[in-house]
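Notes for the structure review
One-letter residues, chain by chain:
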Amino acid sequence: YYHTSEDTLDKVDPAMLYRVGCMTATYAYQLANAGLAEAKWLLSESRGRYLQRLNQLLSTSAAEQLRAANPPALLTSWERVQYKLERKQAELASIKRFLDETEQGQFEPLLQAEVTFLREVTNSLWQRHLQELGLNALPERTTPVNVGDYQLVPRRLFRGPFSMRGKLETLPPADRQTYEDLVAKHAEAARRVPDYLVYWADGQRTIAEIDHQVNMEIGVSNPAFALGYFRFLEKLGLIAFH
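This section reports on the structure supplied with the text. (Residues numbered from 1 in each chain as written. Predicted model: local features only at pLDDT ≥ 70, side-chain atom pairs only at ≥ 80, totals over all residues. Heavy atoms only, no water.)

Some remarks on the overall build of the chain
If you tally the helices and strands in the chain, you get nine helices and two strands. Order of helices (α) and strands (β) in the chain, N terminus to C terminus: α-α-α-α-β-α-α-α-α-α-β. Long-range pairs, those at least 24 residues apart, make up 78% of the contacts in the chain with a sequence separation of at least 6. Summing over all exposed atoms, the chain offers an accessible surface of approximately 15,000 Å²; the carbon and sulfur share of this is 53%. In the chain, 28 positive and 30 negative side-chain charges are present, and the distance between their average locations comes to 2 Å. (Helix = DSSP H or I, 4+ residues; strand = E, 2+ residues; numbered from the N terminus. Contact = heavy atoms within 4.5 Å. Areas by Shrake-Rupley, 256 points an atom, 1.4 Å probe, with all protein chains shown as cover. Lys, Arg positive; Asp, Glu negative; His and termini not counted. Charge placed at Lys NZ, Arg CZ, Asp CG, Glu CD.)

Some details on a nonpolar patch on the surface
A surface patch of nonpolar side chains, amounting to about 300 Å² of accessible area, comprises Leu-9, Val-12 and Leu-17. With respect to the helices and strands, Leu-9 occurs in the segment before α1 (14-32). For Leu-9, a relative accessible area of 72% corresponds to the exposed category. (Patch = residues over 30% accessible without salt bridge, like charges linked within 9 Å, V, L, I, M, F, W, Y side chains within 5 Å. Salt bridge = Lys/Arg side-chain N within 4 Å of Asp/Glu carboxyl O. Buried < 20%, exposed > 50% of the residue type's maximum accessible area, 1.4 Å probe, protein only.)

Digging into the pattern of salt bridges
What the rule picks out here adds up to 10 salt bridges. Between Glu-114 and Arg-47 there is a salt bridge, and its shortest N-O distance comes to 2.7 Å. With Glu-114 in helix α4 (residues 101-132) and Arg-47 in helix α2 (residues 36-67), this residue pair connects regions lying 67 residues apart in the sequence. When its relative accessible area of 7% is taken as the criterion, Glu-114 is described as buried. A salt bridge links Glu-108 to Lys-96; its shortest N-O distance comes to 3.1 Å. With Glu-108 in helix α4 and Lys-96 in the loop between α3 (71-94) and α4, this pair connects stretches of sequence that are 12 residues apart. Among the ionic contacts, a cluster of salt bridges with common partners joins Asp-149, Arg-231 and Glu-234.

Some details on the environment of Ala-187
Tracing the backbone through its elements, the reader meets Ala-187 in helix α6 (residues 187-192). Taking the relative accessible area as the measure of exposure, Ala-187 reaches 48% and is therefore partly exposed. For the pair formed by Ala-187 and Phe-225, sequence separation is 38 residues and the distance between their alpha carbons is 9.4 Å.

Digging into the packing of aromatic side chains
Scanning all chains against the criterion turns up four aromatic pairs. Judged by centre distance (5.0 Å) and plane angle (85 degrees), the ring pair of Tyr-199 and Trp-200 falls under edge-to-face. Under the relative-accessibility criterion, Tyr-199 is labelled exposed at 51%. Here Trp-200 falls in the buried class, since its relative accessible area comes to 8%. With a centroid separation of 5.6 Å and an interplanar angle of 20 degrees, the aromatic rings of Phe-225 and Tyr-229 are classed as stacked. Here Phe-225 pairs with Tyr-229, and both are found in helix α9 (residues 223-235), just four residues apart, close to one helical turn. (Phe/Tyr/Trp six-rings, centres within 6.5 Å; stacked < 30°, edge-to-face > 60°.)

This is the structure:
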């Protein structure tokens, strides 16, 4: 039940609640007292984690391309690298929330220098990656035309994530069977992507765009499952389309 709507008070273990409470209080205390020194440390820690992840992405892409040239996969790798860079920039900018106005002014030049450094390193490593593959530039991508239901924009009407337990039973038998068939047909997506789909269903993105975001985040793309899943959430009154 952990971290779902089924995680009600009667299921809480007092000893575990105590441990989690202590850890959370310690973390909150550290954040509440964070200053410029901690912000600088976070920049350094974040840089190391980003470069490690970037190297993993490039290594995976190189292995894929060496097995067999695959232009669409290479383009997807480039999009994923750019996505990680964008998220990292947003992550670094969020550090300013822990600083007072004076510290923010001192931190801003450091932040901009770090963002510039990461952008330059990312572009340099990607160009080196293309050279190793014998390429001078990325191949052109044929832009897919997403029409119909994939252009629907879902908006969640609840704070997620949630559990399907007790909710499927409210649907007619035929709808429950259709949902079970959907899960069986798209087993990997059903296991990995629901929480990500819900997260991005903020009323700002189409189903096709949400599927793309999930693919950038965890490497799973399944627009058919996304559409079917959102349809069921709509029947349960948990999302609305507009």
